[in-house]
Amino acid sequence: MWRTSIKRRRASRLALAFALLGGCDAAAERYAGPFPAPDRPVARIVSSRWSTEEARDRVNEAMTVMDRARIQPGMTIADIGAGEGYYTVRLAQRVGPRGRVLAQDIFPEVRDKLAERVTRERLQSVSVKLGTPADPKLPDNSFDRVLMVHMYHEITQPYEFLWRMHPALKRDGLVVVVDADRPTQNHGTPPALLQCEFAAAGYERVWTEDMPSAGGYIAAFRAVRPRPDPAAIKGCRLN
C-alpha cells in the first residue's frame, strides 16, 4: 500500500514536471526565466527499494540519516517532499516538544493527507505547507536543517529552487540531501553534479558520506556565500 501510494504521488509529481517543462529533453529550450535550465533529465523511474515504513525502519534508515545530520532536540527542521510523512513523524519524535518540523510537498492532495496524519497522530510540533516545483516557500532564517531525501532528482528547476531556499537557513544551518549515486533519469543524482548545482546557487559542501542503508549517500551543504544574481548563475554540464 505504501509503495503504491508513493508511486502515485511521484507519478503525479512527474506528470506536473513534464506539463511545466514539456518533457525533460526539451527543458533547456522551454524553461523561461532568469535561471539557467538544468542540463539533466528529471527522474522518470520510481524506486521500489523500500515498500513499507516498517521495511525502512528495519534497515534503520531514518535514525541513521538523523544521526548523520546531527539533528538534535529543540531544532527546527524542514522536510522537503515530505509525502506521506515517513521522515516527518520521526523528525518530530527526534526534535521533541521544543523543536519544530515543517513538512512540505507540492501537491495539495498529498499535503492534505499528511495534515490528516499529523492531526491523527497528534504531532503538535509539526506544521504542513504547500510549496511549488521551483520554490519551497520556506520562511527566512528559520531552519537548522533542511532535509531532502530521495527527491532532489525530481526538481525541475534546481537553480531557482536552491536560490529561493537559500535565505531559509539559520547562520549554522545545513541542507542535507540523501540520494543514490546514479544518473537523474535513473532516480538518483551523481554527487559531483549535486555539488556543482548547489555551488552555483551559493552553497558550499560541508561533507559527503556513503550511506548504503538509505540507498546511496548523504551530503550536507551550508549557505555560506551570498545568493548570486539569477542571471549570473552558470548551469552545470553533465559531460
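Above this note sits the structure.
Residues numbered from 1 in each chain as written. Predicted model: local features only at pLDDT ≥ 70, side-chain atom pairs only at ≥ 80, totals over all residues. Heavy atoms only, no water.

The subject of this paragraph is helix 5 (residues 86-95). In an α-helix there are 3.6 residues to a turn, and that puts residues three or four apart on one side. The buried count for helix 5 comes to nine of 10 residues, which makes it a mostly enclosed element. Listed as buried for helix 5 are Tyr86, Tyr87, Thr88, Val89, Arg90, Leu91, Ala92, Arg94 and Val95. Following helix 5 by one or two positions, Gly96 adopts a phi angle in the positive range, close to 75°. (Buried < 20%, exposed > 50% of the residue type's maximum accessible area, 1.4 Å probe, protein only. Helix = DSSP H or I, 4+ residues; strand = E, 2+ residues; numbered from the N terminus.)

Moving on, we get to helix 4 (residues 61-68). Regarding helix 4, the residues found buried are Glu61, Ala62, Thr64, Val65 and Met66. Packed against the buried residues of helix 4 are helix 3 (53-58), helix 5, strand 4 (143-149), strand 5 (169-179), strand 6 (204-211) and strand 7 (216-222). Just past helix 4, the residue Arg70 takes up positive phi, approximately 55°. (Contact = heavy atoms within 4.5 Å.)

With that settled, consider the side chain of His166. Relative to the helices and strands, His166 is located in the loop between helix 7 (158-165) and strand 5. Given a relative accessible area of 10%, His166 falls into the buried group. Engagement of the side chain of His166 in a polar contact is seen with the backbone oxygen of Gly202, the distance being 3.4 Å. Look past the residues within four positions of His166 in its chain and what remains in contact with it is Ala201, Gly202, Tyr203, Ala223, Arg225, Pro226 and Arg227. (Polar contact = N/O pair within 3.5 Å; in protein donor to acceptor, adjacent residues only side chain to side chain.)

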